Amino acid sequence: PLALGLYTVNAVYGDTITMPCRLEVPDGLMFGKWKYEMPNGSPVFIAFRSSTKKNVQYDDVPDYKDRLSLSENYTLSIKNARISDEKRFVCMLVTEDDVSEEPTIVKVFKQPSQPEILHQADFLETQKLQMLGECVARDSYPEGNVTWYKNGRVLQPVEEAVVINLQKVANKSTGLFTMTSSLQYMPTKEDANARFSCVVTYYGPSGQKTIQSEPVVFDVHYPTEKVTIQVLPQSSTIKEGDNITLKCSGNGNPPPQEFLFYIPGETEGIRSSDTYSMTDVRRNATGEYKCSLTDKSMMDSTTITVHYLDLQLTPSGEVTKQIGEALPVSCTISSSRNATVFWIKDNTRMQTSPSFSSLQYQDAGNYICATTLQEVEGLQKRKTLKLIVEGKPQIKMTKKTNTNKMSKTIVCHVEGFPKPAVQWTVTGSGSIINKAKETKYVNGKFSSKIVIAPEENVTLTCIAENQLERTVTSLNVSAISIPEYDEPEDRNDDNSEKVNDQAKLIVGIVVGLLLAALVAGVVYWLYVKKSKAASKHVDKDLGNIEENKKLEENNHKSET
């Protein structure tokens, strides 16, 4: 680079300055020297190098002590560049006949520190010109310039609204500049959350550059222009039992700290902070609520509707009825809005409301009448009816020979509630049979089953007893050699076709067995008839023998 037609070296403050000697080395060179020129033009020699002896000498100049280095090609280096190194240096090559000189201009640049906004205002007030802060950038060379920005846009001076003052001060020992720019500013309400910053513009070896400060946001104070009341928590609906808070706010900064709250039924406002709380609200809290500043200016209002839901179940709680009785049930609703009613029995939702004209065991259970208020979250009610259907034990006994024809199954079908205790006995001996198996007790019904292999005819007794009554039923069971079959048990309609096929098979078997039994009965009848005829003859003979014995006894008595 050239400055005024001269060769210029640009250096960074603190780095090494390198100045080549831009002369061609002539023949017969004796030595080379470097000097710089004082402001008055007088030279100051600083370095010497002989071409013959190859020795280097540095002049005793305090500013350059231990900072110089002169190479064999007469390039001069200066360590730790300073602002005072900005001079006109001259390279000299000397022969016996001539002295050649070539000047070099040195320029030194120093980047300033990042600018900072100091002495910041605690807050800004609208309609008031006040000191916002000072932007300070230190240790710059050459001196730089400072520009203020708001939200990324340049702040231009405006009379009595934007006042900017820039000062530049050089350090006497280093020569570095410190730039200080103060900003006086009159804010508006729209300056709330505005970002203020400053930028320093400086020159470096490669041209113009900028550094920006960290942005600063100021608290802007302005008066309240509007009051707003709201209900917390912010829900579209309020129900009985809720806790609600009225919050009154002003759009000023800082916001007002006290308000007057006007409650339905109260003639005077209630002085409070920015909130007024109500707990466990009832339906009579429905109405218009207002709030205002303490001077009764700038008022706002809102309407609160407290939704309610009442449920009446008749009867409710635990109810005990006898099987076959009627039980009217009603569930009535009173609400602030349309309500949905549904019934649940034993955790299963019912399709219709319960109606009991003749109670059965399966009607027993836990009934819940539940209701919810549409569009009111959390407003629901439920009441419970625990229905107990009691009944005396009812018994039906069945018997059949098992397929292996080695045993018979006797079943005692029992109904009743509370669940009856079942006991088996053998009539005559009265012994208790303890090997009975019971089915699951469902809807007041269950079965007790025993398996026996009687060698002779027996009578079994099933005893069912609960708190209401003791019921006894007996059943005659033939010996194992005589098969017995009960009527087929009820089947599901789904298996009706299969049941019909099985029924046909059973009917065939039964007919065959009946025919066999008929033949056996005829044979048995003939056998019994023959036995009776023989017994008559025996009885006749026995009667004659008895008469002879009596005659002999009478004769003996007469002789005596």
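Residues numbered from 1 in each chain as written. Predicted model: local features only at pLDDT ≥ 70, side-chain atom pairs only at ≥ 80, totals over all residues. Heavy atoms only, no water.

Quick notes on the overall build of the protein
Inclusion rule: What counts as a helix is a DSSP run of H or I of at least four residues, what counts as a strand is a run of E of at least two, and both are numbered from the N terminus. Accessible area is worked out with a 1.4 Å probe on protein chains only. A residue is then buried under 20% of its type maximum, exposed over 50%, and partly exposed in between. Accessible surface area values rest on a Shrake-Rupley calculation with a 1.4 Å probe, where residue burial reflects the displayed protein chains alone.
Within the protein one finds one helix and 44 strands. Here the protein, with 560 residues, has 34% of them falling under the buried criterion. Carbon and sulfur atoms make up 49% of the accessible area of the protein, which amounts to about 34700 Å² in all.

Quick word on the state of the cysteines
The following threshold applies: A pair of sulfur atoms, both from cysteines and within 2.5 Å, is called a disulfide here.
Evaluated as defined, the whole model comprises five disulfides. A sulfur-sulfur separation of 1.9 Å characterises the disulfide bridge that pairs Cys248 with Cys291. Sign of the S-S torsion, about 65° for the bond between Cys248 and Cys291, identifies this disulfide as right-handed. On the criterion of sequence distance, the pair formed by Cys248 in strand β24 (residues 244–250) and Cys291 in strand β28 (residues 287–293) is long-range, its members being 43 residues apart. Relative accessible area serves as the criterion here: at 1%, Cys248 is assigned to the buried category.

Brief notes about the sheet that holds strand β27 (residues 275–278)
Condition: When DSSP finds at least two bridges between two strands, those strands are taken to pair. The axes used here are C-alpha line fits, helices contributing only the stretch in contact, and every angle between their N-to-C directions lies in the interval 0 to 180 degrees.
The strand order across the open sheet formed by three strands is β22-β24-β27, and the pairing between neighbours is antiparallel. The two strands at the open ends of the sheet, each matched to only one other strand, are β22 (227–232) and β27. Neighbour to neighbour, the strand axes of the sheet diverge by 15° on average, direction disregarded. Where β24 meets β27, four bridges bridge the pair, whose relative direction is antiparallel. Within β27, the residue paired with Ile244 across the bridge is Met278.

A look at the environment of Leu246
Where we set the bar: Every residue pair with non-hydrogen atoms within 4.5 Å of one another is taken to be in contact.
Relative to the helices and strands, Leu246 is located in strand β24. Separated by 28 residues in the primary sequence, Leu246 and Asp274 have C-alpha atoms spaced 8.2 Å apart. The residues touching Leu246, leaving out its near neighbours within four places in the chain, are Gln230, Val231, Phe261, Ile263, Asp274, Thr275, Tyr276, Tyr289 and Ile304.

Some thoughts on unusual backbone geometry
Looking along the chain, the bond that leaves Leu232 and enters Pro233 is cis, with omega of -5°. Residue placement: Pro233 occurs in the loop between β22 and β23 (238–239). At Asp139, a position not held by glycine, the phi torsion is positive, near 55°. Assignment of secondary structure puts Asp139 in strand β13 (residues 130–140). By relative accessible area, Asp139 is classed as partly exposed at 36%. For Asn193, which is not glycine, the phi torsion reads 70° and is therefore positive.

Regarding the packing of aromatic side chains
To keep things clear, this is the line we draw: Aromatic pairs are defined between Phe, Tyr and Trp rings, using the six-membered ring for Trp, whenever the two ring centres lie within 6.5 Å; interplanar angles under 30 degrees are classed as stacked, those over 60 as edge-to-face, and all others as tilted. Whether a charge lies above a ring is judged from NZ of Lys or CZ of Arg, which has to be within 6 Å of the ring centre and within 35 degrees of the ring normal.
Tallying each qualifying case throughout the model produces ten aromatic pairs. Geometrically, the ring pair formed by Tyr141 and Phe177 is stacked, given 6.1 Å between the ring centres and 20° between the ring planes. With Tyr141 in the loop between β13 and β14 (145–150) and Phe177 in strand β17 (residues 177–185), this pair connects stretches of sequence that are 36 residues apart. Relative accessible area serves as the criterion here: at 16%, Tyr141 is assigned to the buried category. Relative accessible area serves as the criterion here: at 17%, Phe177 is assigned to the buried category. Relative to Phe446, the ring of Tyr441 lies with its centre 5.7 Å away and its plane at 70°, an arrangement referred to as edge-to-face. Counting every residue linked through ring pairs, the aromatic cluster contains Tyr36, Tyr64 and Phe89. Positioned above the aromatic ring of Tyr36 is the side chain of Lys87, whose terminal nitrogen or guanidinium carbon lies 5.0 Å from the ring centre. Here the guanidinium or amino end of Lys419 rests over the ring plane of Phe446, the centre of that ring lying 4.9 Å away.

Considering the pairing of β14
In summary, the side chains of a regular strand alternate between the two faces of the sheet. In terms of strand pairing, β14 meets strand β18 (residues 195–204) through six bridges, oriented antiparallel. Across the sheet, the residue bridging to Tyr149 is Ser197, located in β18. As paired strands, β14 and strand β15 (residues 153–154) are joined by two bridges and run antiparallel to one another. The partner of Tyr149 across the bridge, within β15, is Val154. Hairpin connection, β14 to β15: the antiparallel pair is bridged by two residues, and Asn151 has positive phi, about 50°.

Comments concerning the confidence of the model for the protein
As a reminder, the rule being used: pLDDT is a per-residue confidence score from the predictor, ranging from 0 to 100.
Here the protein averages 86 in pLDDT, while 85% of its residues score no lower than 70. Note on residues 489–507: pLDDT is under 50 here. Beyond four places in sequence and across chains, it has two contacts. Counting interchain partners and residues more than four positions distant, the pLDDT-below-50 stretch residues 531–560 has zero contacts.

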